[in-house]
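# Structure at a glance
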Amino acid sequence: MPIKNMHPTSSSIVVGGGLVGLACAINLQARGVQTSLVDPAGPQRPASWGNAGHIAVEQVEPLASMATVKSFPRRLFWRGGALGLPLRDIAAWLPFSLRLLAAARPSRFRAGKAALSAVLAEAIPAWRRLLGAAESRHLMVEDGHYIVWESEASAARGRAAWMGADTGPASCRDVTDAEMESLTGVIGFRPAGAIRFEGSGQITDLGVLAETLERHFEALGGRRVRGSVKLLRRGSKTISVVTDTNETLVAETVVVAAGAASGELMAPLGFKVPIIAERGYHIQTPNTQWPEGMPPVVFEDRSMIVTRFRSGLRAASFVEFGRLKSPPDPRKWARLKAHVRALGLSFGEPVSEWTGARPTLPDYLPAIGRADSFPGLYYAFGHQHLGLTLAAVTGEAIGALVTGETPVVNISPFSLDRFRK
């Protein structure tokens, strides 16, 4: 079995090719740490690249809340909602749901909100720094987003809820007459109500973002290794990573950023990570009359977000708790297609279908930190719906932590030690 040695005192391996892993690898390499990024081969990109492109800094309230728990019955898929609980995966989602219920207690919710608020406040500034270093600031547009409702009753409820909510660094207001006309033009009917968020952002094209950041990492001197990691081994002063091709990489530090697969990877090391594959679905078409430059639109009655990328129009939805390797549910794509037809959206053929797993922990907070019981091991995963949003600031935090500096945000609430209590 070949052994590939890197710098004995300033080397790192990042496990995971999603946005969080890529941002960690870039920050480490930029700080002078010789870094290898182990990225699973294949054309299907992880959840980082299948999302709505929305930088959701307004989502300061963890979804592990009593309000969310109370809403579960009406959100079930079989009742027309976006929550899927496949019976085949009950052994995965039932214990996870019990942990979520415990995490939704008011005291834990308040603590989680404070932690999430602090890190979300740095999300867009960190993206500006990352994209600025890659000379690609144009890939992020800070133009907010819309939320629309289709009935007077839901508009009244939804508007009151958002206007009274804590939305962190973002703010919302009623749409202007001109904005309502613009929405009416792309939807095909006049919404019963709509608000405009300011302070949130959007990535203009996720595929271009991936290519840009990968090139930036390599230009800094980073090395990409195609393959999946099947084993981590602890040495006296180093950690070795064994890939599925039986290649062994050795470095002083390893960062586990493997998304929903992170828990399985860390289990043999003695870590019990209560992570679940929270799967989302999207459909996309390159053929649309939806104008470029239109901010993302959330159809709250349908739990669906529609985003105009440079590459086409994407409609995304669903929260499906299950196993990482469970087959997709074609009914989810069928419902998305029914939604876009019912709304009269400009969604032409061909239509591509995608599903991917958000890495979600029961308290809906990420896991970012250092494994004190396993020197040299760091982790950055579990970002649930905020992987894109928090990727850049997470990368900065890991870069600082590995090199002995103090991260710009307090990451202590995101330690995996919280699950030992």
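This is a predicted model, so every value here is computed, not measured. (Residues numbered from 1 in each chain as written. Predicted model: local features only at pLDDT ≥ 70, side-chain atom pairs only at ≥ 80, totals over all residues. Heavy atoms only, no water.)

### Brief notes about the sheet that holds strand 10 (residues 201-203)
- Pairing in this open sheet of three strands is antiparallel, and the strands run 4-10-6 from one edge to the other. Only two strands of the sheet have a single neighbouring strand rather than two, namely strand 4 (54-55) and strand 6 (140-141). (Pairing = 2+ DSSP bridges. Helix = DSSP H or I, 4+ residues; strand = E, 2+ residues; numbered from the N terminus.)

### Focus on the nonpolar core
- Grouped together as the largest cluster of nonpolar side chains are 66 residues, with contacts concentrated most on Trp127, Leu209 and Leu213.
- Counting residues per element, this core draws most heavily on helix 11 (residues 387-402), at nine residues.
- What Trp127 contacts, discounting residues up to four positions off in sequence, is Leu19, Ile55, Gly132, Met140, Leu209, Leu213, Leu388, Thr389, Ala391 and Ala392.
- Among the nonpolar cores identified, the runner-up in size contains 27 residues, and Met180, Val297, Phe318 and Leu345 belong to it. (Core = buried A, V, L, I, M, F, W, Y, C linked by side-chain atoms within 4.5 Å. Buried < 20%, exposed > 50% of the residue type's maximum accessible area, 1.4 Å probe, protein only. Contact = heavy atoms within 4.5 Å.)

### Section: the packing of aromatic side chains
- In total, this model carries six aromatic pairs according to the counting rule given.
- With 5.9 Å between their ring centres and 65° between their planes, Phe77 and Phe318 make a pair best called edge-to-face. One end of the pair, Phe77, is in the loop between helix 2 (66-75) and strand 5 (83-84); the other, Phe318, is in strand 19 (residues 312-322), with 241 residues separating them in the sequence.
- Exposure remark for Phe77: the relative accessible area of 8% places this residue in the buried category.
- Connected via pairs of aromatic rings, a cluster forms that spans Phe77, Tyr281, Phe318 and Trp333.
- Taking NZ or CZ as reference, Arg79 lies 5.9 Å from the ring centre of Trp78, over its face. (Phe/Tyr/Trp six-rings, centres within 6.5 Å; stacked < 30°, edge-to-face > 60°. Lys NZ or Arg CZ within 6 Å of the ring centre and 35° of its normal.)

### Overview of the sheet that holds strand 3 (residues 34-39)
- Overall, mixed pairing links the six strands, which are arranged 11-3-2-15-22-21 in an open sheet. Edge positions in the sheet fall to strand 11 (223-226) and strand 21 (367-370), since each has one partner strand and no second. Here the strands of the sheet are splayed against their neighbours by 20° on average, with no regard to which way each runs.
- Where strand 21 meets strand 22 (residues 377-381), four bridges bridge the pair, whose relative direction is antiparallel. Bridging across to strand 22, Arg370 finds its partner in Tyr378. (Axes fitted to C-alpha atoms, helices over the stretch in contact; angles between N-to-C directions.)

### Some points on the pairing of strand 3
- Counting buried positions along strand 3 gives five out of six residues, so the element sits mostly inside the fold.
- Sheet topology note: the strand 2 (residues 11-15)/strand 3 ladder contains five bridges and is parallel. In the strand pairing of strand 3, Val15 is matched with Val38.
- Summarising the sheet, strand 3 and strand 11 pair through four bridges and their orientation is parallel. Within strand 11, the residue paired with Asp39 across the bridge is Arg226.

### Details of a nonpolar patch on the surface
- Together, Leu87, Ile90, Leu94 and Leu98 make up an exposed nonpolar region whose accessible area comes to about 400 Å².
- When its relative accessible area of 55% is taken as the criterion, Leu98 is described as exposed. (Patch = residues over 30% accessible without salt bridge, like charges linked within 9 Å, V, L, I, M, F, W, Y side chains within 5 Å. Areas by Shrake-Rupley, 256 points an atom, 1.4 Å probe, with all protein chains shown as cover. Salt bridge = Lys/Arg side-chain N within 4 Å of Asp/Glu carboxyl O.)

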